[in-house]
Structure formats: C-alpha cells, structure tokens
Amino acid sequence: MGVHSVKAVFFDLDNTLVDTAAAGRRAIEEVLPLASRPLQVINALQSKHHYGEGEARLICDKVQAKLLKECHDPAKMCITDLRISHWEEAIQETTGGEANRHLAAECYFLWKTTRLQHLTLAEDTRDMLTELRKGLRLLLLTNGDKQTQREKIEACACQPYFDAIVVGGEQKEEKPAPSIFHYCCDLLGVQPEECVMVGDSLDTDIQGGLNAGLKATVWLNKAMTTPVDISPVPHYIISSVLDLPEVLQKMEHNINSKLGTDHTAGSNE
C-alpha cells in the first residue's frame, strides 16, 4: 500500500463531539428539583403517590443505571417504549405495587426534553471543525436508534459542520462493521486508507476503523490515565477532541517525511 494523505475524518457523536453522558446526568438532576413545583412530573412521585425525596432520587438512579446497560434491538421494540419501560421498572422496583405506565411515560418525556436542551456543540469544537473542513472532508458517524440520534443531531445543531451524516440505525450494519465505514468512504468519494476515525469507544469506533482498513484511528480517552492493556490498540490517543489537529499535523509530517525518503531512495537507484 502506498503513502496516502488524509482526506477525510469521521467523527463519533456521543461523548466525542457532545457530552451525552453529562447531559443525561444533568437532566436527572434537574428532574429531581421539580418535585416541589406544581404539575411537574416528579411531583407525581411525591404528591400523587406519596413518595419521599429519597425514593424519587433512587428511582432516577435506577434509570441512570438501566441507561448505561441498555441494549436496544429496534426490530423488537422502539426506543421510546424501551426507555419508558426503564422508568416503569425503576418505579416498581423502588416502590412495589402495580406498574404505572402513564407516570413512567411522563417521567421519560421530561427527562428526554431536558437532556436534549443540554446537548451542545461547544464553541471551541465548532471552531475546530470549521478550520478542519477548510482542508478535509468531515463526516459524522454515530451508532444508535435513528430517531434518537437525529434528535440529538438537531439539538446540538452540528449539521453545518459536516459534509455528510451517517446514523447506524438507518444502515444495515452499525460500527464496528466494515460496511458502514466503506459506505461513508463512498459518500465522500475517498478511499479507506485516506480516512481517520475519531471516537471514544474502543469496541465500535477504534475496532471499526481497524476492521475497515482506515489510515488511522484516534481514541478519545478523557480519563487522565491510560489502561496498560488496551484492546484494540488505536494509532493515537487524545484526552480532548481539541487535540486532534495536532495529531493530524503529525500524521501529515510523517507522510511528507516518508515521501521524501522514497524520493531520495528512487533517485539513488
């Protein structure tokens, strides 16, 4: 394989470009204080059903845990029904008694609305994407339910910064399957060996980029410490997505150095 310059960068969305986890936690924290306000959802947990503040908080903690372990199969259940079920189960596990689907739905929709309000593309990230796009093609590649991901994309208003947006839930296969990466390459008119994948998940972003034969994978590891045994092994590790331009510059320098070496060797021959 010859030496190829980077022509395109694929970005993951959740917890890479936007801090989805933090938005979800903030939504939970903001749902709880609403208990003291009339006609709000968590008020139902306290006033309508006589749950104490501790019980209301435990319910929210249980929901957060269920979200972290969530495994969604769109062929079996839509994401809305699944997440309403999270609330329904959490309420029943905490309080006992009969399931309350109506209350669970109220809680879910308030949480969802609040989370979307907190999903933002930071100004410094927008500036970085704007600069990168002057010389590269940019693509957003996110796994997940198509409705949920499209709502997030709209909420953080990131569409103008990308040449294309691909949602796994709209494709036959999601990351880490090579097919979705090759589909992205076709969309941009580039080859896999001309592309870089940036994401926070070793299992989907990094493994997927490796599976598809991309030029490089960049793992966003926000933790200050790096595990000793990383698997799969990314080409580069950054602690902030804002460190990406430096990595790309380093890659371009290495490419130019290799081209110079090859040219010199060819002349000597």
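- For the protein chain, the name recorded in an unreviewed UniProt entry is NANP phosphatase, with Rostratula benghalensis as its organism.
- Regarding the protein chain, the UniProt comment filed under Cofactor (unreviewed entry) reads as follows: "Mg(2+)".

### Here we look at the sheet that holds strand S4 (residues 195–199)
Piece 1. Judged by pairing direction, the sheet is parallel, and its six strands sit side by side in the order S3-S2-S1-S4-S5-S6 without closing on themselves. The two strands at the open ends of the sheet, each matched to only one other strand, are strand S3 (164–167) and strand S6 (236–238). Neighbouring strand axes in the sheet, compared pairwise and without regard to direction, differ in orientation by 20 degrees on average.
Piece 2. Looking at chain direction, S4 and strand S5 (residues 216–220) are connected through four bridges and run parallel. Directly across from Val-198, in S5, lies its bridge partner Val-218.

### Side note on the pairing of S5
Piece 1. Within S5, five of the five residues are buried, which leaves the element mostly enclosed by the surrounding structure.
Piece 2. Of the two faces of S5, both are covered, the one formed by Ala-216, Val-218 and Leu-220 as well as the one formed by Thr-217 and Trp-219.
Piece 3. Here three bridges tie S5 to S6, and the two strands are oriented parallel to one another. When the bridges of S6 are listed, Trp-219 appears paired with Ile-237.

### Some points on the state of the cysteines
Linking two cysteines covalently via their sulfur atoms produces the bond known as a disulfide.
Piece 1. A full pass over the atoms with the stated rule returns zero disulfides.
Piece 2. Free cysteine: Cys-107, not disulfide-bonded; nearest cysteine sulfur from Cys-60 at 7.1 Å.
Piece 3. Note on Cys-107: relative accessible area 0%, which makes it buried.
Piece 4. Distance from the sulfur of Cys-158, which forms no disulfide, to the nearest cysteine sulfur (Cys-156) is 3.7 Å.
Piece 5. In this structure Cys-158 comes out as buried when scored by relative accessible area, which is 1%.

### Comments concerning the nonpolar core
Piece 1. In terms of nonpolar packing, the biggest core is built from 34 residues, with Val-9, Phe-11, Leu-140, Phe-162, Val-196, Leu-244 and Leu-248 touching the most fellow members.
Piece 2. It is helix H10 (residues 244–268) that contributes the most residues to this core, four residues altogether.
Piece 3. When residues no more than four places from it in sequence are discounted, the contact partners of Leu-140 are Phe-11, Asp-12, Leu-13, Leu-17, Ile-153, Cys-158, Phe-162, Ala-164, Ile-165 and Val-166.

The rules behind the values
Residues numbered from 1 in each chain as written. Predicted model: local features only at pLDDT ≥ 70, side-chain atom pairs only at ≥ 80, totals over all residues. Heavy atoms only, no water. UniProt positions renumbered as here; feature names shortened; annotations may be inferred. Pairing = 2+ DSSP bridges. Helix = DSSP H or I, 4+ residues; strand = E, 2+ residues; numbered from the N terminus. Axes fitted to C-alpha atoms, helices over the stretch in contact; angles between N-to-C directions. Buried < 20%, exposed > 50% of the residue type's maximum accessible area, 1.4 Å probe, protein only. Disulfide = S-S within 2.5 Å. Core = buried A, V, L, I, M, F, W, Y, C linked by side-chain atoms within 4.5 Å. Contact = heavy atoms within 4.5 Å.

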